[in-house]
Amino acid sequence: MKKVRFGEALTILIIMLIILGTAVIHFGLSPQIPVLFTIALLIFWARLRGASWEDVHQGITEGISTAIIPIFIFILIGALIAVWIQAGIIPAIMVVGFKLISSRFFIPSTFIVCSLVGLSIGSGFTTISTIGIALFGMGMAMNLNPALIAGAIISGAVFGDKMSPLSDSTNLASAIAGSDLFAHIKNMMWSTIPSFIVSLVLFWVLGNSSNQMSAAKIAHTTAILNQHFVISWWALLPIILMFACAWKHIPAIPTLFINILVTVGMIFFQNPHESLKSLTTLISEGFVAHTSDAAVNALLSRGGITSMMATVSLIIVTLSLGGILMKFNVVQVAMEPLVKHLRKPGPLVTTTIFSGIGINLFVGEQYLSVILPGKAFKPAFSRIGLAPLALSRVLEDGGSVINYLIPWGVAGSFAASTLGVPVLHFLPFAFFSLFSPVFSILSGFTGIGLKKSTPQN
């Protein structure tokens, strides 16, 4: 296949963005079909340019291979959600939360709690799918805006994931830039702390302006939960276990397996007559609530492996698209002129941020949004005397935190399916993800917190 030219690569990316943006944002379509249509057009273009079917297949395979572990984690998370509800863990968190958190401070409290949990376990996905679901249920019982609740949950989860030494994305950004992990986390505070404070203030203001909860409704919801679920201190066991696994640096897959097995043991302890068939149906199809309250049924009927299949299918088609783009160097060629002509910190930081955002838009994978700009712009950062710490922070601020805002992104689609709120609905309230790149760009132009090194000639 002939080498792709810059104008050709840029045209392809613009057409892709128009197709995806129009289909998902304007027409409100599910992302899978427009992504598949874009793949078909891209394959047609590649064949016209002389690419072989083997090259196309290889691009698809290489693209999907980056998501094998996340896909497996999503399957386990679907199973975990179902057994956590059945065992009364999520209902117990809701009941305790109703007693501890007032409606006036619920939204900022949600942001802070998810931040602390994410920081402790180093996983935004796990935070959203465990504590996040319980907090979402509480917020809905308080008659709060579901998009605002989701925004607070996701913002907290992203903050915790970003600042935790246990986080995969944080370790990846540090490794790609060649900076020390803990120095990288410390340096991220220059953009992270302002973003956290602004987010907290906005959640405080919007939370106060939201509808106050009905004491009668909360009492009714609590009574329903106590009637249909086992609410006891035993519910703390899987939560403590999750933190213990994080403290011992046990990876996500064994952590989830251990937690599922312990929770299944709790289910059999609570109900010795539970059949193996009903348990496997629970893990496969998810939990279905049968209470006298339709709202509680809607909140707690979720989880199961099948609940993750829509997300998994989106990940597969999106990363297939990304794999083809990478195989034929479309993204790389589009980025080349930017790297060569950047000589000042402000424009360089800004361009790197928008490159990460662009990779998220075109490829939909948060790891690639860190890896590709990191490799492309690392020489430019070194050339103008910026330290690897400057690059690693920018990669996080424009890469992994943005993926939650992309409807066809891995993180965005996961959050939307787990909480039941479309990405475009919670996007305006995901303040931490929105403000992180802003403060990073300001740092680039002002020089505040921008680490320097000796320029290389």
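Structure shown above.
What counts, and at which threshold
- Residues numbered from 1 in each chain as written.
- Predicted model: local features only at pLDDT ≥ 70, side-chain atom pairs only at ≥ 80, totals over all residues.
- Heavy atoms only, no water.
- Helix = DSSP H or I, 4+ residues; strand = E, 2+ residues; numbered from the N terminus.
- Buried < 20%, exposed > 50% of the residue type's maximum accessible area, 1.4 Å probe, protein only.
- Contact = heavy atoms within 4.5 Å.
- Areas by Shrake-Rupley, 256 points an atom, 1.4 Å probe, with all protein chains shown as cover.
- Lys, Arg positive; Asp, Glu negative; His and termini not counted.
- Charge placed at Lys NZ, Arg CZ, Asp CG, Glu CD.
- Salt bridge = Lys/Arg side-chain N within 4 Å of Asp/Glu carboxyl O.
- Core = buried A, V, L, I, M, F, W, Y, C linked by side-chain atoms within 4.5 Å.
- Axes fitted to C-alpha atoms, helices over the stretch in contact; angles between N-to-C directions.
- Parallel < 35°, antiparallel > 145°, perpendicular 65-115°, else oblique.
- Left-handed = near helix turned anticlockwise from the far one by under 90°.
- Nonpolar A, V, L, I, M, F, W, Y, C, P; charged D, E, K, R; others polar.
- Phe/Tyr/Trp six-rings, centres within 6.5 Å; stacked < 30°, edge-to-face > 60°.
- Disulfide = S-S within 2.5 Å.
- Patch = residues over 30% accessible without salt bridge, like charges linked within 9 Å, V, L, I, M, F, W, Y side chains within 5 Å.

Asks: Honestly, the overall build of the chain in this entry has me stumped. Any pointers?
Replies: What the chain contains, in helices and strands, is 23 helices and zero strands. With the C-alpha coordinates of the chain rotated into their principal frame, the extents come out at 70 × 50 × 40 Å. A burial count over the chain gives 57% of its 457 residues as buried. Sequence separation of 24 or more characterises 79% of the internal contacts of the chain that already satisfy a separation of 6 or more. Working note: accessible area of the chain is about 18,700 Å², and carbon and sulfur atoms make up 70% of it. Separation of charge centres in the chain, based on 23 positive and 14 negative side chains, amounts to 10 Å.

Asks: Got a minute to help me understand unusual backbone geometry in this structure?
Replies: What is expected of a backbone is that most residues other than glycine have negative phi and most peptide bonds are trans. Of note, asparagine 143 is a non-glycine position whose phi angle comes to about 65°, a positive value. For asparagine 143, the location among the structural elements is in the loop between α7 (124-141) and α8 (146-163). On the basis of relative accessibility, which here comes to 35%, the residue asparagine 143 falls in the partly exposed class.

Asks: Help me understand the pattern of salt bridges in this model?
Replies: When the charged atoms of two side chains with opposite charge come close together, those side chains can pair. Overall, the coordinates contain two salt bridges when judged by the stated rule. Where glutamate 8 meets arginine 49, a salt bridge forms, and the shortest distance between an N and an O atom there is 2.7 Å. Of this pair, glutamate 8 sits in helix α1 (residues 6-26) while arginine 49 sits in the loop between α2 (32-48) and α3 (53-65), and the two are 41 residues apart along the sequence. With a closest N to O distance of 2.4 Å, lysine 162 and aspartate 397 form a salt bridge. Here lysine 162 is found in helix α8, whereas its partner aspartate 397 is found in helix α20 (residues 388-400), with 235 residues between them in sequence. Like lysine 162, the residue aspartate 397 is buried in the burial classification.

Asks: How should I be thinking about the nonpolar core in this particular structure?
Replies: Taken as a class, soluble globular proteins show a tendency for nonpolar side chains to be buried jointly. If you look at the biggest cluster of nonpolar residues, it comprises 150 residues, and the most contacted ones within it are Phe106, Ile128, Leu300, Leu325 and Phe381. Here this core takes twelve residues from helix α4 (residues 68-86), the largest share from any one element.

Asks: For this particular structure, what's the right way to read the packing of α4 against helix α13 (residues 252-270)?
Replies: A pair of packed helices can be characterised by two numbers: the angle between their axes and the separation between those axes. Running from N to C, α4 and α13 cross one another at 20°; their axes reach a closest spacing of 9 Å. Taken together, the axes of α4 and α13 are roughly parallel relative to one another. Note on packing geometry: the crossing formed by α4 with α13 is left-handed. Each of Ile69, Phe72, Ile73, Leu76, Ile77, Ala79, Leu80, Val83, Trp84 and Gln86 in α4 lies in contact with α13, whose residues at this interface are Ala252, Ile253, Leu256, Phe257, Asn259, Ile260, Thr263, Val264, Ile267 and Gln270. Considering only residue class, the contact of α4 with α13 consists of 16 nonpolar, four polar and no charged.

Asks: I would appreciate a short explanation of the packing of aromatic side chains in the present structure.
Replies: Overall, the coordinates contain 17 aromatic pairs when judged by the stated rule. Between the aromatic rings of phenylalanine 111 and phenylalanine 203, the centroid separation amounts to 5.2 Å while the plane-to-plane angle is 45°, which identifies the pairing as tilted. Residue phenylalanine 111 is found in helix α6 (residues 106-121), and its partner phenylalanine 203 is found in helix α10 (residues 181-209); the two are separated by 92 residues along the sequence. Taking relative accessible area as the criterion, phenylalanine 111 reaches 0% and is therefore assigned buried. Relative to phenylalanine 431, the ring of phenylalanine 429 lies with its centre 6.3 Å away and its plane at 80°, an arrangement referred to as edge-to-face.

Asks: How should the state of the cysteines be read in this particular structure?
Replies: Covalent bonding between the sulfur atoms of two cysteines defines a disulfide. As enumerated under the stated definition, the model contains zero disulfides in all. Just so you know, cysteine 114 is unpaired, no disulfide at all, and the nearest cysteine sulfur is the one on cysteine 245, 20 Å from it. What makes cysteine 114 buried here is its relative accessible area of 0%.

Asks: Mind showing me how you'd approach the environment of leucine 166 here?
Replies: Inspection of the secondary structure puts leucine 166 in the loop between α8 and α9 (168-177). Accessibility expressed as a relative area gives 25% for leucine 166, which makes it partly exposed. The spatial distance from the C-alpha of leucine 166 to the C-alpha of methionine 188 is 15 Å, given a sequence separation of 22 residues.

Asks: Help me understand a nonpolar patch on the surface, please; the structure alone is not making it clear to me.
Replies: On the surface, Trp233, Trp234, Leu236, Leu237, Ile240 and Phe269 cluster together into a nonpolar patch covering about 710 Å² of accessible area. Among the elements that line the nonpolar patch, the one with the most residues is helix α12 (residues 236-247), at three residues. Relative to the elements of secondary structure, tryptophan 233 occurs in the loop between α11 (215-228) and α12. Relative accessible area serves as the criterion here: at 62%, tryptophan 233 is assigned to the exposed category.

Asks: Teacher, can you tell me more about helix α17 (residues 330-340) here?
Replies: Count 3.6 residues to each turn of an α-helix, and residues three or four apart come out pointing the same way. Those residues of α17 not exposed but buried are Val330, Val331, Val333, Ala334, Met335 and Val339. Elements in contact with the buried residues of α17: α1, α2, α16 (309-327), α18 (345-363) and α19 (366-383).

Asks: Help me understand the side chain of glutamate 396 in this model?
Replies: Secondary-structure assignment places glutamate 396 in helix α20. No salt bridge is formed by the buried glutamate 396; its nearest oppositely charged neighbour, lysine 162, is found at 6.4 Å. Sequence-distant contacts of glutamate 396, that is, excluding residues within four places in its chain, are made with Lys162, Ser169, Thr170, Ala173, His184, Met188 and Val401.

Asks: Would you explain the environment of glycine 304 in this entry?
Replies: Checked against the element boundaries, glycine 304 lands in the loop between α15 (294-300) and α16. With 158 residues separating them in the primary sequence, glycine 304 and proline 146 have C-alpha atoms 22 Å apart. Setting aside chain neighbours within four positions, we find glycine 304 in contact with Gly78, Ala79, Ala82, Leu282, Ile283, Ser284, Glu285 and Gly286.

Limitation: the analysis is restricted to geometry and does not speak to function.
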